[in-house]
2 protein chains.
Amino acid sequence: MARYQINLAYDGTHYQGFQKQARAVTVQGVFEDALRHLEWKGTSILAAGRTDTGVHASGQVVAFDLDWKHSPDALLAALNAHLPRDIAVQTATCARDDFHPRFDAVSRCYRYRIFCQAVRNPLLERYAWRVWTPVDQSQMNEASRALIGAHDFASFGSAPRRGGSTRRTVLGASWSQVCSSDSPVQLNFEISADAFLYHMVRSLVHLLVRIGQAELGVEAVWEHLSQPGVDVYQGLAPAQGLTLVSVRYPDPVGNGEMDNN
Amino acid sequence: MARYQINLAYDGTHYQGFQKQARAVTVQGVFEDALRHLEWKGTSILAAGRTDTGVHASGQVVAFDLDWKHSPDALLAALNAHLPRDIAVQTATCARDDFHPRFDAVSRCYRYRIFCQAVRNPLLERYAWRVWTPVDQSQMNEASRALIGAHDFASFGSAPRRGGSTRRTVLGASWSQVCSSDSPVQLNFEISADAFLYHMVRSLVHLLVRIGQAELGVEAVWEHLSQPGVDVYQGLAPAQGLTLVSVRYPDPVGNGEMDNN
């Protein structure tokens, strides 16, 4: 029996989120079904984060104990053979016996994609939020810089546990244009933090887009951060634009960090 | 009654191609159903091209006659209200009474996207073909340059009508990397020509990828072009990587061309 660390990618469109539920199709539920084909006898895998209904992942991290006599690459191939088209293992490695993808994580990175178009666009909307009127990228970047650092984000989400801390440290947050010869304009928001509150990225993106559309000024970010939990921000960007990109863990040598993706 | 020109985008995943069929869900069939909600009494719309099962479009062009009392923008909105999520009108304009989206077209542009990854990737595979081993982009571009000009492409597809000419003029053909911070590497192949044979782009892409993987040399393109219809190329890249991007029409002033997209 050994512990394995898996990088998992999925298209969340048809799942009721990551976390297992009794009467809903979830990524965790489908992944555990695949594991049982490999004689896994556990009750629950461990995961870095719980993505919401419709949210995607290119680098979710899960771990489990398995009695497996072949290589990690053979485990990857065996799992992918039992997983549906919209879920796929990207990497499989051996991990320490006590590795925990959530508690050991030092930071997470999410990406949120928007595009600016007046009419709907079937080729973009599966993985992005359509916004109109157009946004001012520099205003959104100025507002994003105000997020960086340690703040109480209670106005932008709730702690996983009732009464848990709503203080988080944002390590980076910026918008960049997706290089593409195609119109319309597409922008990616990348944000990394030690951890995130429930709904935090989608709540921030909604606010930043309104700032980009000049409905609100850049100072709106400061106002919500200075009145945590009182001045609760109500908007929420839709799930399909959000992707869990990667989770970072301490460097095994102990001197730094290591990106899982 | 007036003729309207519509730029149409669709995700072809769930359609048995563009062209109407008696017992299959097609883009044309669904579009005509939407038009009938606007009291359209015609029997068939006109279209620039027939895309295959699973092929996408960002700039298909269709035309029809309609007794419509409001603006073209109102027509766009009314049609999109009756179309499903995976089909959407991008632009609507008045056209000449005799405008024909196929016969008036002077060129078409298709894009084919590939990505290079050893394991499958749920977030890319809806709109791209996964190829492995990695490809050499410069070799594929050298081979693509050999396609440019007027050639008999009988080895790469068949004419729309039996006995029709298989000679076509390729105006441009090149591979470029999709700018993206994400791995894996994604490449776009853009090809424009006066017109295309049935299966021509997918057949060419399959050959070019094999050249990129060093399974064949660049001279393979010349060999197939010099023996049209005798040395028929058998491979076909899958449909989901292909998108009809745009159709060009003569400039109304008569001195040049105008891109529809």
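Summarised in this report is the structure supplied together with it. Owing to the predicted nature of the structure, the values given are computational and were not obtained by experimental measurement.

**Structural notes on the overall build of chain A**
- Within chain A, the regular secondary structure consists of 5 helices and 11 strands.
- Its C-alpha atoms give chain A a radius of gyration of 19 Å, within 12% of the compact-globule value 18 Å for 261 residues.
- The C-alpha extent of chain A, read off along each of the three principal axes, is 60 × 40 × 40 Å.
- Every one of the 261 residues in chain A was classed for burial, and the buried ones make up 56%.
- For chain A, the share of sequence-separated contacts (at least 6 apart) that also reach a separation of at least 24 residues comes to 68%.
- Roughly 11800 Å² of accessible area belongs to chain A as shown, and the carbon and sulfur atoms make up 49% of that amount.

**Focus on helix α5 (residues 219-226) of chain B**
Residues and elements named next belong to chain B.
- Within the sequence span of α5, burial applies to Ala 220, Val 221, His 224 and Leu 225. What you see down the axis of α5 is that its buried residues fit within an arc of 135°, all on one side.
- Of the surrounding secondary structure, the elements contacted by the buried residues of α5 are α3 (137-145), β7 (149-152) and α4 (200-212).

**A look at the packing of helix α3 (residues 137-145) of chain A against helix α4 (residues 200-212) of chain A**
All names here are of chain A.
- Their axes nearest at 8 Å, the elements α3 and α4 cross at an angle of 135°. Our classification of the angle between α3 and α4 gives oblique. Crossing handedness for the pair α3 and α4: right-handed. Across from Gln 139, Met 140, Ala 143 and Ser 144 in α3, the residues of α4 making contact are Leu 208, Val 209, Ile 211 and Gly 212.

**With respect to the interface of chain A and chain B**
- The interface is formed by 30 residues belonging to chain A together with 30 residues belonging to chain B.
- Taken together, the two surfaces of chain A and chain B that pack against each other cover about 2200 Å², and 49% of this comes from carbon and sulfur.
- The three residues of chain A that bury the most area against chain B are Arg 120, Pro 122 and Leu 123 of chain A, which together make up 32% of that side's buried surface.
- Here chain A is connected to chain B by 0 salt bridges.
- There are 14 residue pairs in polar contact (both at pLDDT 80 or more) connecting chain A and chain B.
- The set of elements that each furnish at least two residues to the side of chain A that touches chain B consists of β1 (2-10), β3 (56-66), α2 (72-82) and β4 (87-95) of chain A.
- Looking at the side of chain A that touches chain B element by element, the count peaks at 4 residues for β4 of chain A.

**So, the layout of surface pockets**
Residues and elements named next belong to chain B.
- Of the volumes computed, that of the second largest pocket is approximately 1100 Å³.
- Around the second largest pocket, the lining is made up of 40 residues, and of these Ala 48, Gly 49, Arg 50, Arg 102 and Pro 160 lie nearest the centre.
- Broken down by element, the residue count for the lining of the second largest pocket peaks at 3 residues, all from α4.
- Grouping the amino acids of the lining of the second largest pocket by side-chain chemistry returns 19 nonpolar, 13 polar and 8 charged.

**A word on the packing of aromatic side chains**
- Following the criterion strictly, the structure yields 18 aromatic pairs over all chains and no others.
- A centroid spacing of 6.3 Å and a plane angle of 35° characterise the contact between Tyr 4 of chain A and Phe 64 of chain A, whose relative ring orientation is tilted. Of this pair, Tyr 4 of chain A sits in strand β1 while Phe 64 of chain A sits in strand β3, and the two are 60 residues apart along the sequence.
- Looking at Tyr 4 of chain A, the relative accessible area reads 4%, which means it is buried.
- With 6.4 Å between their ring centres and 90° between their planes, Tyr 112 of chain B and Trp 129 of chain B make a pair best called edge-to-face. You can see Tyr 112 of chain B sitting in strand β5 (residues 107-116) and its partner Trp 129 of chain B sitting in strand β6 (residues 129-131), a full 17 residues away along the chain.

**Topic: α2 of chain A**
- All of the buried residues along α2 of chain A are Leu 75, Leu 76, Ala 78, Leu 79 and Asn 80 of chain A.
- Where the residues of α2 of chain A are buried, they touch β1, α1 (27-36), β3 and β4 of chain A.

So, how was this worked out
Here the residue numbers are simple positions, counted from 1 along each chain's written sequence. All chains are assigned letters beginning with A, and all ligands numbers beginning with 1, in the order in which they are written. Where totals are concerned, whole chains, interfaces and linings use all residues; where local detail is concerned, this predicted model gives features only for residues with pLDDT of at least 70, and gives and counts side-chain atom pairs only at 80 or more. No hydrogens and no water enter the side-chain calculation; it runs on all heavy atoms of the structure. Only DSSP runs of H or I with at least four residues qualify as helices, and only runs of E with at least two residues qualify as strands; both kinds are numbered from the N terminus onward. Restricting the calculation to C-alpha atoms gives the radius of gyration, and the globule rule supplies 2.2 Å times the number of residues raised to the power 0.38. In this scheme, a residue with accessible area under 20% of its type's maximum is buried, one over 50% is exposed, and one in between is partly exposed, where area comes from a 1.4 Å probe on protein chains only. Pairs of residues are marked as contacts when any of their non-hydrogen atoms sit within 4.5 Å. Here the Shrake-Rupley method, with its probe set to 1.4 Å, supplies the accessible areas, and only the displayed protein chains count as covering residues. Directions drawn from the helix axis to the C-beta atoms are what define this arc. Throughout, an axis means a line fitted to C-alpha atoms (over the contacting stretch in the case of helices), and angles, computed between N-to-C directions, take values from 0 to 180 degrees. Note that the term roughly parallel is reserved for angles under 35 degrees, roughly antiparallel for angles over 145, roughly perpendicular for angles of 65 to 115, and oblique for everything else. If you view the pair so one helix is near and one far, a crossing is left-handed when the near helix is turned anticlockwise from the far one by less than a right angle, and right-handed when it is turned clockwise. Summed over both partners, the accessible area (1.4 Å probe) lost when two parts come together is defined as the buried area. Just to be clear on terms, a salt bridge is a Lys or Arg side-chain nitrogen sitting within 4 Å of an Asp or Glu carboxyl oxygen. Counted as a polar contact is a pair of N or O atoms within 3.5 Å, where, for protein atoms, one must be capable of donating a hydrogen and the other of accepting one, and residues adjacent in sequence contribute only when both atoms are in side chains. The distinction between a cavity and a pocket rests on a 1 Å grid over the protein atoms alone: a 1.4 Å probe fits inside a cavity but cannot get out, while a pocket stays open yet meets protein on both sides within 12 Å along at least five of seven lines, and a residue with an atom within 4 Å of a point counts as lining. Grid points are joined across faces, edges and corners, and a volume is the space filled by probe spheres set on the points. Each residue gets one of three labels, nonpolar for Ala, Val, Leu, Ile, Met, Phe, Trp, Tyr, Cys and Pro, charged for Asp, Glu, Lys and Arg, and polar for the others, Gly among them. Here the aromatic set is Phe, Tyr and Trp, taking the six-membered ring for Trp, and pairing holds for ring centres within 6.5 Å; pairs whose planes are under 30 degrees apart are stacked, those over 60 apart are edge-to-face, and all others are tilted.

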